[in-house]
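# Observations on chain architecture
Listed below, chain by chain, are the residues.
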Amino acid sequence: DTLSQHEIKILCGVYCVNTGTHAQTTTLSWWPNPVLWDASSLNTGYWTLSCEQLFQARLRKICQSEVSLLTTKQWRS
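Residues numbered from 1 in each chain as written. Predicted model: local features only at pLDDT ≥ 70, side-chain atom pairs only at ≥ 80, totals over all residues. Heavy atoms only, no water.

Notably, His22 is not glycine yet its phi reads approximately 55°, a positive angle. Along the chain, His22 falls in the loop between β1 (14-18) and β2 (25-29). Judged by its relative accessible area of 77%, His22 is exposed. Despite not being glycine, Ser65 shows a phi value in the positive range, around 55°. (Helix = DSSP H or I, 4+ residues; strand = E, 2+ residues; numbered from the N terminus. Buried < 20%, exposed > 50% of the residue type's maximum accessible area, 1.4 Å probe, protein only.)

Applying the stated criterion across every chain yields a total of three aromatic pairs. Each ring, one from Trp31 and one from Phe55, has its centre 4.9 Å from the other, and the planes form 25°; the classification is stacked. Of this pair, Trp31 sits in the loop between β2 and α2 (34-39) while Phe55 is found in helix α3 (residues 49-63), placing the two residues 24 residues apart along the sequence. You can call Phe55 partly exposed: its relative accessible area is 28%. Aromatic side chains Trp47 and Phe55 sit 6.4 Å apart centroid to centroid with 70° between the ring planes, which places their arrangement in the edge-to-face category. By relative accessible area, which is 49% here, Trp47 ends up partly exposed. Aromatic ring contacts, followed pair by pair, group Trp31, Trp37, Trp47 and Phe55 into a single cluster. (Phe/Tyr/Trp six-rings, centres within 6.5 Å; stacked < 30°, edge-to-face > 60°.)

Structure representation (structure tokens):
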């Protein structure tokens, strides 16, 4: 079984937000989508200690309202 695109968007916390420029929108998310994750240096084929530390740190900051949603461009950098 694989996840649908809709299920992936839910798990990543994806929002489509109006940019204020006509009908233009941008995509923001709490977590990187699988395509971005697969292209990152953290993707080693298994969940490492570094991955867990990054996840826990971001989750803690989300819960404490210390970080915001990121664009695809921000996730890449």
